Structure formats: structure tokens, C-alpha cells
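# Topology and contacts: notes
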Amino acid sequence: MSEQLTLYLHKLSPYSAKVELALVEANAPYRAYQVDLSNKPEWFASKVNPVGKVPALTYGGPNVDPDDPSPLSAKIAESNVILEFLADLYPDSGLLPKDPVLRAKVRWFIDVTNKQVEAPLYDFFRGQESYDNVLKGIEFVQGLLEEGGDFAVGDHYSIADASISPHLARLKIITETDLGKFPIGMGHKLGEELKGPKFAKFRKYTQGMLDRPSLKQTDDEESMITYLKTRFTERVQ
């Protein structure tokens, strides 16, 4: 019998999403506990993650209720740390390749995703920057993708794919709904730019990730759009 594994998450958090993607891709048995970020349980910081953020995992120890985690379980936080932990925990899942060069490429892709896609995308979303750096970052990432390949690195889904996929899902929402703090119309305009031949390889990769059963199982696009409409009511017709 495998050790208990509980994921503390918030469904609209891209950082929670990438961990849940890895769990599903690894066929890992786990329990998911939704943390209300606007009203976090008092026990969460003291018993799970002292920083008070999601995602976080408890692993091992007795199989207790998620809202009463055991001090005997290991507590693991920070999404990229958790991704590496899951890859180690399930070595046959392919979440990390066995080849050391490919493993390094996976870690490099994750680092690039954080700096070149995640950061500029959310700066644009918050109205702090234009989408120029989003396009530059996507072009950089596209340069790392192999011609004709389906995955970020090698021929198997890895934590590199899990790391970028939630941001791709949010990029889709931004470009299709134009919801964000950026000037009205700029989300749609970004989407039009990405339809050009220059980004064909990125589009193919993105569609492959969005079509993946693990993403369809874990991503709640409807709830995300509903949430954004409540934040940006002036954008809703």
C-alpha cells in the first residue's frame, strides 16, 4: 500500500494546477483539499505550510483527515520543489527523464518558463507591461521545442510540460476573453499576433497540452472566466 499523499491547493492557482497535472500524469493516488485563500484555516500555516501558500503536500504518516494533518507526515511546499519530489517518488512515470542531459533540459525549460513566460504574461495581465515581452518570451520558449515533437523535452510528458501548461491555459483565456487590467482589446490583439506563422510551432505545442486528458481533468476554465468577470466587470458586455 502506498503512503498517503494529500495536495492542498486552490483550483484557480496555476501553481497548484501544475502539481495536480503531475500527479494525474503519474497515476498517483492522492487526495485534494481546497484551501480558501481569502479565509485560510488557522491550522494550515502551523500544520502544513508555515508560509501559508498553496500548493503544499503532506506525504506519509497516518491516513487522517486533511483538515487535521498528522505531525508524522512530511510537509513539502513550493510548486517546483513538489514537482521534483513527485518525479523522484514516481521514477517510472517519466516526469523526469533518466538521461542526465534530458533531466538538465527539463530543469532549464522550467526556469525559462518562469522567467520568459510566466513573469511577462502576468505583468501584462496586471496592466504593468505591454505584451511585447510575452511575445519575446514565447519566441524564446518556441526555440527550445523540437521540430515535430509533442513535448517540451524528449518524447515523454515531463514536469517541464506540467510547469508551463497552466500558464498556456490562462494565455488562452486572456486572448479569447480580453479579461485583465491591460487596455481593452490588447488581449485579443495578443491572440491575433500568436496566430501568425512565426508562432506555428508554439501553437502546435500549446494545443497538444490543452488537449491532454490530464489538463481537461484538472483545469476549470469556466470557473476561472467567471472569477475574472467578477474582477473586471467593466469588460463584460
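Along each chain, residue indices are assigned from 1 in the same order as the chain's sequence is written. Since the coordinates come from a predicted model, pLDDT governs what is reported: local features require at least 70, and pairs of side-chain atoms require 80 or more to be given and counted, while whole-chain, interface and lining totals use all residues. Based on all heavy atoms of the structure, the side-chain values leave hydrogens and waters out of the count.

This paragraph deals with the overall build of the chain. Helix numbering and strand numbering both begin at the N terminus, where a helix is a DSSP run of H or I of at least 4 residues and a strand a DSSP run of E of at least 2. Across its full length, the chain holds 10 helices and four strands. The atom set for the radius of gyration is the C-alpha atoms, and the globule formula is 2.2 Å times the number of residues raised to the power 0.38. The C-alpha atoms of the chain give a radius of gyration of 18 Å, which matches the 18 Å a tight globule of 237 residues would have. Expressed along its principal axes, the backbone C-alpha trace of the chain runs to roughly 55 × 45 × 25 Å. Exposure is judged per residue with a 1.4 Å probe applied to protein chains only, and the accessible area is read against the type maximum: over 50% gives exposed, under 20% gives buried, and values in between give partly exposed. Put simply, the chain has 237 residues, and 47% of those count as buried. What makes two residues a contact is simply this: any of their non-hydrogen atoms within 4.5 Å. In the chain, of all internal contacts separated by at least 6 residues, the share reaching a separation of at least 24 is 71%. The protein chains shown are the only cover counted for residues, whose accessible areas, like all others here, come from Shrake-Rupley with a 1.4 Å probe. When the accessible surface of the chain is summed, it comes to about 11,900 Å², and 52% of that surface belongs to carbon and sulfur atoms. In this tally Asp and Glu are treated as negative and Lys and Arg as positive; neither His nor the chain ends contributes. The atoms used to mark charge sites are NZ of Lys, CZ of Arg, CG of Asp and CD of Glu. Averaging the coordinates of the 28 positive side-chain charges in the chain and doing the same for the 34 negative ones gives two points 3 Å apart.

On to the pairing of strand 1 (residues 5-9). Burial of strand 1 is extensive: five of the five residues sit out of reach of the surface. Along strand 1, one buried face is formed by Leu5, Leu7 and Leu9 and the opposite face, lined by Thr6 and Tyr8, is buried too. Direction of pairing for strand 1 relative to strand 3 (residues 56-59): antiparallel, over a ladder of four bridges. Residue pairing for strand 3: Thr6 is matched across the bridge by Thr58. Bridge count for strand 1 against strand 2 (residues 31-34) is four bridges, and the pairing is parallel. Bridge pairing in strand 2 links Leu9 to Gln34. Paired strands are those between which DSSP finds at least two bridges.

Here the focus is the sheet that holds strand 1. Ordered in space as 2-1-3-4, the four strands form an open sheet in which the pairing is mixed. The sheet is open, and its two borders are formed by strand 2 and strand 4 (74-77), each paired with just one other strand. The sheet shows a mean angle of 20 degrees between the axes of neighbouring strands, direction not considered. As a rule, the C-alpha atoms of each element are fitted with a line to give its axis, helices using only the stretch in contact, and angles between N-to-C directions run from 0 to 180 degrees. Along the sheet, helix 1 (residues 14-25) contacts strand 1 and strand 2; its crossing angle with strand 1, the most-contacted strand, is approximately 155 degrees.

Moving on, we come to the packing of helix 1 against helix 3 (residues 79-89). For the pair helix 1 and helix 3, interaxial distance at closest approach is 9 Å and the crossing angle is 5 degrees. One finds that helix 1 runs roughly parallel with respect to helix 3. Contacts from Tyr15, Lys18, Val19, Ala22 and Leu23 of helix 1 reach helix 3 at Ser79, Asn80, Ile82, Leu83 and Leu86. Residue polarity follows a fixed list, in which Ala, Val, Leu, Ile, Met, Phe, Trp, Tyr, Cys and Pro are nonpolar, Asp, Glu, Lys and Arg are charged, and the others, Gly among them, are polar. Its residues assigned to classes, the contact of helix 1 with helix 3 shows seven nonpolar, two polar and one charged. Oblique is the label for any angle not covered by the other classes, which are roughly parallel (under 35 degrees), roughly antiparallel (over 145) and roughly perpendicular (65 to 115).

Look at helix 1 against helix 6 (residues 159-177): their axes get within 8 Å of each other, and the N-to-C directions meet at 130 degrees. The orientation of helix 1 relative to helix 6 falls into the category oblique. Seen along the crossing, helix 1 lies across helix 6 with a hand that is right-handed. Residues Pro14, Tyr15, Ala17, Lys18, Leu21 and Ala22 of helix 1 form the contact with helix 6, whose own contacting residues are Ala162, Ser163, Ser165, Pro166, His167 and Arg170. A per-class count over the contact of helix 1 with helix 6 returns seven nonpolar, three polar and two charged. By convention, the crossing between two helices is left-handed when the near helix turns anticlockwise from the far helix through less than a right angle, and right-handed when the turn is clockwise.

This part covers unusual backbone geometry. At the junction of Val54 and Pro55, the peptide bond is cis and its omega measures out at 5 degrees in the coordinates. You can see Pro55 is positioned in the loop between helix 2 (42-47) and strand 3. If you check the backbone angles, Glu78 has positive phi at about 75 degrees while not being a glycine. For Glu78, the location among the structural elements is in the loop between strand 4 and helix 3. Positive phi outside glycine occurs at Asp178, with the angle close to 65 degrees. With respect to the helices and strands, the residue Asp178 is situated in the loop between helix 6 and helix 7 (186-194). Residue Asp178 is classed as buried on the basis of its relative accessible area of 5%.

Mapped onto the elements, Val153 comes out in the loop between helix 5 (132-144) and helix 6. Taking the C-alpha atoms as reference, Val153 lies 9.9 Å from Ala104; in sequence the two are 49 residues apart. The residues touching Val153, leaving out its near neighbours within four places in the chain, are Leu102, Lys105, Val106 and Phe109.

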